[in-house]
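Listed below are the residues making up each chain.
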Amino acid sequence: MSVVEPKGDALNGRDDEVRAENVYQLVLEGIVAGKYEQGTRLRERELSELHNVSRIPVREAIQRLEQDGFVETFPRRGAAVRRLTLTDVNELFDVRLCLETFAARMAAVRVAGGENGMRLQELVDQTRLAIDSGRTADVASLSAEFHAEIVRLSGNRLLVESVKPLFGRMRWIFGLAHNRSNELQRDEHVELCDAILKGRPDLAYALAYSHIELGREPVLAGLAQTLAP
């Protein structure tokens, strides 16, 4: 049986996709980490030189970042990191209340049905160690991974794909304002994890709702002086 080799154009197309994904992730991390501040111009030429790629994958990455809410483009000015507003933050919490509470409920249902949820417990344990060791940056990333794992446990593939930009936005916003103690959030994660692993969907839903809503006011208060309404 003969094997049909991909043509050059097809190979180049896949290479561009890989490069675009790489640039997307690098610029996204730069935005989340504060390397690219709100309003910063994102020039195709500079990014292509920085990451040693052509402008095509850079342009594709910027378009995707715009679709995901991290970048804005303007006629004759090009692309810039989006300037967040308090409305953006409020809307994020509203969407989280819809999606993450559903995910928590479904995760508990699936664990009750035999799904292995021990990765959630591992993340709680790792968070406890990170807090005790004073590794604040690790605490933030573990918290994001904890929420992502609940969504994965829901078993809903469309939900998993839909919330990826949402979690990027969460990391960005929480990097700008994190006004709740790590210990308090850890304790809430412990309770939520326990409800899911014990297969209690209604309790998991309620705890997820409470955890998200309790975080809203401190974050808004922390950003009130720096973000427009």
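Above this text is the structure in question.
Bear in mind the structure is a predicted one, so any value in this text is a computation, not a measurement.

(A) Spotlight on the pattern of salt bridges. Scanning all chains against the criterion turns up 18 salt bridges. Salt-bridge contacts for R45 lead to E49; the nearest nitrogen and oxygen are separated by 3.4 Å. Of this pair, R45 and E49 both sit in helix α2 (residues 44–50), four residues apart, which is roughly one turn of the helix. Judged on exposure class, the residue R45 and its partner E49 are both exposed. With a closest N to O distance of 2.9 Å, R216 and D94 form a salt bridge. Here D94 lies in helix α4 (residues 86–112) and R216 lies in helix α10 (residues 201–223), a separation of 122 residues in the sequence. With relative accessibility at 11%, the residue R216 sits in the buried group. Judged by relative accessible area, which is 39%, D94 ranks as partly exposed. Among the charged side chains, a salt-bridge network with shared partners connects D94, E213 and R216.

(B) Focus on the sheet that holds strand β2 (residues 71–74). Ordered by their spatial adjacency, three strands build an open sheet running β1-β3-β2, and the pairing between neighbours is antiparallel. Only two strands of the sheet have a single neighbouring strand rather than two, namely β1 (41–42) and β2. Along the sheet face, helix α3 (residues 55–67) touches β1, β2 and β3 (78–81) and points at about 110 degrees away from the line of β2.

(C) The arrangement of helix α9 (residues 182–197) in detail. In this model α9 runs 22 Å from its N-terminal to its C-terminal C-alpha over 16 residues, within 8% of the 22 Å that 1.5 Å per residue would give. Listed in full, the buried residues belonging to α9 are Q185, R186, E188, H189, L192, C193, A195 and I196. Packed against the buried residues of α9 are α4, α5 (118–132), α6 (136–153) and α10. At the C-terminal side of α9, G199 shows a positive phi close to 70 degrees.

Thresholds applied
Residues numbered from 1 in each chain as written. Predicted model: local features only at pLDDT ≥ 70, side-chain atom pairs only at ≥ 80, totals over all residues. Heavy atoms only, no water. Salt bridge = Lys/Arg side-chain N within 4 Å of Asp/Glu carboxyl O. Helix = DSSP H or I, 4+ residues; strand = E, 2+ residues; numbered from the N terminus. Buried < 20%, exposed > 50% of the residue type's maximum accessible area, 1.4 Å probe, protein only. Pairing = 2+ DSSP bridges. Contact = heavy atoms within 4.5 Å. Axes fitted to C-alpha atoms, helices over the stretch in contact; angles between N-to-C directions. Expected span 1.5 Å × (residues − 1).

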